[in-house]
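Inside the fold
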Amino acid sequence: MQSQDLVVTSSPHIREKTSVAEIMWTVSLSLLPVMLVATYVFGWRALVIIATSVVSCLLTEYIFLKIRNKEVTLTDGSAVVTGILLALTMPPEMPLWVVVIAAVVAITLGKQVFGGLGYNPFNPALVGRAFVTAAYPVLITTFTFDGQTAATPLNLKMMEGEMTAYWDLFIGNVPGSLGETSAFFVLLGAAILIYKGYLNWRIPAGMVSTVFILTWVLGHNPVFHLLAGSLLIGAFYYATDMVTTPVTALGRWIFGIGAGIFVVIIRLYGGYPEGVMYSILLMNMTVPLINKFTRPRSLGEVK
Amino acid sequence: MSISTFKKGVHPPYNKQLSQSKQIATIDQPEEITIPLQQHIGAPLKPVVEKGEEVKRGQLLADTDSFVAAPVHASLAGKVTAIEKVPSPQGGRVLAIKIDPAEEQKNDFFAASEKEPEDIAPDKIRQAVRKAGIVGMGGAMFPTHVKLSVPEDKEIDTLIINGAECEPYLTIDHRLMLEKSEKIVTGLRFLMRATGAERGIIGIEDNKPDAIKALKSATANFTDITVEITETKYPQGGEKMLIKALLDREVPVGGLPLDVGIVVNNVATAIAVAAAVNEGKPLIDRGLTITGEGINNPGNYQVPIGTPVAKIIEAAGGFTGEPGKVILGGPMMGQAQASIDVPVIKGTSGVLVLPKDKLESYSPAPCINCARCVDICPMSLVPTRLEKMAQKENLDLLEEFQVMNCIECGSCSYICPAQRPLVHYIRIGKAAVTARNKSEQGG
């Protein structure tokens, strides 16, 4: 036989089958329960917002990759994840044109300007959401529930001192953004990802426990703060975006705890009733530093 | 019975069922053998025979006065037909001695000793090991007598025999443990005697219960030798991983097992040591596994060093179809070959053939910081960052991040969902750091 027919590459010669696309699509699928419960609670409009966001993200990504003369990699699923996560931060009555703008900002300023997938320092969905919060502050805080304008549980607590029942918070029967309502369905999806090994459990563990302990120590109701608002979905889905979080085990703890501290500062002492989005964006900034200073001790190394 | 292991690591599909039940067989005498002069880590050898000379089986072919080196011997009697450069299975070209094997095989072994290990001077054992040209047969090919020469300021308490065989597909160590368990124990006793180690441990992964049983019965009469079970996990057979698992000691960065009172030898090496002392037999043949979905009859064979790989492929029934890759060693750390004409050398533990239609091509995607490589690196390094530092040739950062501690096991590349060639770049980074440090020392 002709010896030049043999393939010569460096070892290893076998690979584990998991791909980036598989991870991204699994994340998308794990959000299905949350999307379904949003549709159940808020009606068909929830689905329209999600679809608008996903399609806008895909289109923006496509156009940008074409402009940058790059291979079009829509099938890697990353723009779909961004689209879903962005939609879940929107209130149910958000005008669709705002959703489109948010999607364009998320993909361009949040991702493509840095070089695309893998290079962005900030969670793209939260960049889109932050833009809308700044540009359309009224629209992003107008929540309807059962056909009427309503205040979110965190708002009720902040303005009126009124508590919402734990069960309603847990199951999602409350006003809020599409994804921030049901604690149960968020945990269900996250459990699937943790089982598959696609989710760094240390970040949500650090973030949630920090909020719980700090609010408790500071004389507030820790269970309410855990279940209300976007803490759980933020901790399990937004704070665990692989691209924008630390790679070391210790780094993930620091990231989670840091984000938890920011949440408590903003919720208890800030002007906003909710602080999850900013706390994650703030911690995104610290990732290069965290990675640098949390290098694990290598086997046989005396530090 | 407790099962020990190290932290992290991966679980590739082992595929050992292809060959693990096949007894070690011999093959027909090859038409030509090629003995490379560099089959060890260390100083180069000089030939002591000439073209046209008749040599006996076991006769010395090349040697040196340097301490860190292992001589080579004729693995078959015959006529030296050439001393020339040939393609090396390790890459590049090396000087080699070619022999046309004779029909009648006469041995030329050195003086043997029938004595019990306790009755032989440690120095005599080391001399026999040096004379026999024994090197680490797990693949590293470091001269064994050097390992056995313990510096005066060090003390060895434990001699470990590495029977983990964590590389997927390979089964030769498994077969040796089943078929030559007595010899392994004899070899271990010589190794303990040579190093002054008070105890011996044979470490075996728990996917080889029959080998564990065989060695337990072979060691039953020796109170200073135990058989320990380790978890089946890659790279459990890495020296540092095995030491961590069995004794919970860490080999210091840049150090050797002897720094923590340990010497580790492969099962095949132990057998070679027993043969050298008891029979005066140099390291002239070795067992190996020929396997993979691309070969008709996977099996285990005992072959003379220098046998062309093509001859072993023929003995195993040839290729199933079009071969894609022919790898010497296992799929995690083995070297893909450009030609099947290369010879078997002392460190060749297997021939793995992957068929062309099953080869997957990999197109690396950008790193998404998933940290799977960080989570599984058995040396607790940060492969994703080392890769980027190597690409940017940032040698200071590479050193700060302990790149030289990488054992090149390939687990990071194996697990990467973006299919990045992480260990490939890390090797390049290591080479760059080594080169810089050498030139700084020299200048």
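Bear in mind the structure is a predicted one, so any value in this text is a computation, not a measurement. (Residues numbered from 1 in each chain as written. Chains lettered and ligands numbered in written order. Predicted model: local features only at pLDDT ≥ 70, side-chain atom pairs only at ≥ 80, totals over all residues.)

**Things to note about the overall build of chain A**
To be explicit about the condition: In DSSP terms, a helix is any run of H or I states spanning at least four residues, a strand is any run of E spanning at least two, and both are numbered starting from the N terminus. In this description the radius of gyration comes from C-alpha coordinates, and the expected globular size is given by 2.2 Å times residues to the power 0.38. Burial in this document is a count-based property: other C-beta atoms within 10 Å of a residue's C-beta are tallied, and the residue is buried at 20 or more, exposed at 12 or fewer, or partly exposed in between, with C-beta positions derived from the backbone. C-beta atoms are placed from the backbone for every residue, and two residues are taken to be in contact when these atoms lie within 7 Å.
Counting its regular elements, chain A contains 16 helices and two strands. For chain A, whose C-alpha radius of gyration is 20 Å, the value lies close to the compact-globule estimate of 19 Å for 303 residues. By its C-alpha atoms, chain A is 80 × 50 × 30 Å across when sized along the principal axes. In chain A, which comprises 303 residues, the proportion classed as buried is 51%. Long-range pairs, those at least 24 residues apart, make up 72% of the contacts in chain A with a sequence separation of at least 6.

**Quick notes on the sheet that holds strand β14 (residues 285–291) of chain B**
Selection criterion: Being paired, for any two strands, means DSSP has found at least two bridges between them.
As summarised here, the arrangement of the six strands in space is β2-β15-β14-β18-β16-β17 (chain B), forming an open sheet in which the pairing is mixed. Of all strands in the sheet, those with a lone pairing partner are β2 (24–26) and β17 (335–336) of chain B, marking the two edges.

**Here's the deal with the interface of chain B and chain A**
The condition that has to hold: Side-chain classes are defined by residue name, with Ala, Val, Leu, Ile, Met, Phe, Trp, Tyr, Cys and Pro counting as nonpolar, Asp, Glu, Lys and Arg as charged, and the others, Gly among them, as polar.
Of the residues lining the interface, 53 residues belong to chain B; the matching set on chain A comes to 33 residues. Where the side of chain B that touches chain A is concerned, the elements lending two or more residues are α6 (239–247), β16 (323–328), β17, α10 (383–391) and α12 (411–415) of chain B. Considered class by class, the residues forming the side of chain B that touches chain A number 32 nonpolar, 15 polar and six charged.

**Observations regarding the nonpolar core**
Residue and element names in this part refer to chain B. Going by this rule: For our purposes the nonpolar core covers buried Ala, Val, Leu, Ile, Met, Phe, Trp, Tyr and Cys residues that link as a set through C-beta atoms within 7 Å. Throughout the structure description, domain borders are defined by an automatic or database domain assignment.
Counting residues in each nonpolar core, the largest one holds 220 residues, and the members touching the most others are I184, L215, A272, V273 and V351. For this core, the element with the most residues is helix α7 (residues 267–279), which contributes 10 residues. In terms of domain composition, this core takes at least three residues from each of domain 1 (1–29 + 114–359) and domain 2 (372–442). Residues contacting I184, with those up to four places away along its chain left out, are I161, L176, M177, L215, V267, A270 and I271.

**Here's the deal with the environment of A165 of chain A**
With respect to the element layout, A165 of chain A can be found in the loop between α8 (153–159) and α9 (166–171). Since 12 C-beta atoms lie within 10 Å of it, A165 of chain A is described here as exposed.

**A short note on the pairing of strand β8 (residues 78–87) of chain B**
Residue and element names in this part refer to chain B. Bridge count between strand β5 (residues 54–55) and β8: two bridges; the pairing is antiparallel. Note that in β8 the partner of V55 across the bridge is G78. Relative to strand β9 (residues 93–101), β8 runs antiparallel, the two sharing nine bridges. Residue pairing across strands places A82 opposite K98, the latter belonging to β9. Here β8 hands over to β9 after five residues, with G91 in that stretch at a positive phi of 100°.

**Let's talk about helix α2 (residues 32–42) of chain A**
Residues and elements named next belong to chain A. We apply this condition: As used here, the arc is the angular range of directions from the helix axis to the C-beta atoms.
Inspection of α2 places V34, M35, V37, A38, V41 and F42 among the buried residues, and these make up the whole buried set. Buried positions in α2, seen along its axis, are confined to an arc of 165° and lie on one side of it. Following α2 by one or two positions, G43 has its phi on the positive side, about 90°.

**Details of the domain arrangement of chain B**
All names here are of chain B. Along its sequence, chain B is organised into domain 1 (1–29 + 114–359) and domain 2 (372–442). Inter-centroid distance (C-alpha atoms) of domain 1 to domain 2 is 27 Å. Residue-level contacts link 14 residues of domain 1 with 14 residues of domain 2. Grouping the constituent residues of the side of domain 1 that touches domain 2 by class yields nine nonpolar, three polar and two charged.

**Remarks on unusual backbone geometry**
When glycine is set aside, most residues are seen to have a negative phi, and most peptide bonds are trans. A cis amide bond links S11 of chain A with the next residue in sequence, P12 of chain A, at an omega value of 0°. Its place among the elements puts P12 of chain A in the segment before α1 (20–30). Of note in this structure, N69 of chain A is not a glycine but carries a positive phi near 60°. Judged by C-beta crowding, with 6 C-beta atoms within 10 Å, N69 of chain A ranks as exposed. The phi dihedral of A371 of chain B falls on the positive side, at around 70°, and the residue is not glycine. You can call A371 of chain B buried: it has 22 C-beta atoms within 10 Å.

**A closer look at the confidence of the model for chain B**
Do not read the predicted coordinates in detail wherever pLDDT is low. Residue and element names in this part refer to chain B. What counts is decided by this rule: A residue's pLDDT is the predictor's confidence in that residue, given on a scale from 0 to 100.
Averaged over all residues, the pLDDT of chain B is 95; the fraction at 70 or higher stands at 99%. Across chain B, the element-wise mean pLDDT spans from 88 in strand β1 (residues 3–4) up to 98 in helix α3 (residues 172–179). The ipTM assigned to the predicted complex is 0.92, against a pTM of 0.93.

**A look at the packing of helix α4 (residues 181–195) of chain B against α7 of chain B**
Residues and elements named next belong to chain B. Spelled out, the test is: Lines fitted to C-alpha atoms define the axes here, with helix axes fitted over just the stretch in contact, and angles between the N-to-C directions of these axes take values from 0 to 180 degrees. Comment on the angle field: the value is read as roughly parallel under 35 degrees, roughly antiparallel over 145, roughly perpendicular from 65 to 115, and oblique elsewhere.
Two elements in contact, α4 and α7, have axes whose closest approach is 7 Å; the angle formed by their N-to-C orientations is 75°. On the basis of the axis angle, α4 is roughly perpendicular to α7. Contacts between α4 and α7 involve K183, I184, T186, G187, L188, F190 and L191 from the first element and V267, A270, I271, V273, A274 and V277 from the second.

**A short note on helix α11 (residues 202–217) of chain A**
Given 3.6 residues per turn, any residue in an α-helix points the same way as the ones three and four places further on. All names here are of chain A. The criterion, for reference: The span one expects for a helix is its residue count, reduced by one, times 1.5 Å.
In a regular helix each residue adds 1.5 Å, so 16 residues correspond to 22 Å; α11 covers 22 Å between its end C-alpha atoms and thus fits that length. Turning to α11, its buried residues are R202, I203, P204, G206, M207, V208, T210, V211, L214 and T215. Looking at the buried positions of α11, the neighbouring elements they touch are α12 (222–227), α13 (231–238) and α14 (249–269).

**Some details on the packing of helix α4 (residues 78–87) of chain A against helix α6 (residues 124–135) of chain A**
Residues and elements named next belong to chain A. Applicable threshold: Here is the rule for handedness: rotate from the far helix to the near one, and if that takes an anticlockwise turn smaller than a right angle the crossing is left-handed, while a clockwise turn gives right-handed.
Direction vectors running N to C along α4 and α6 enclose 40°, while the axes themselves pass 8 Å from each other. Our classification of the angle between α4 and α6 gives oblique. Pair α4 / α6 crosses with right-handed handedness. From α4, T82, L85 and L86 reach across to α6, where they touch P124, A125, G128 and R129. Its residues assigned to classes, the contact of α4 with α6 shows four nonpolar, two polar and one charged.

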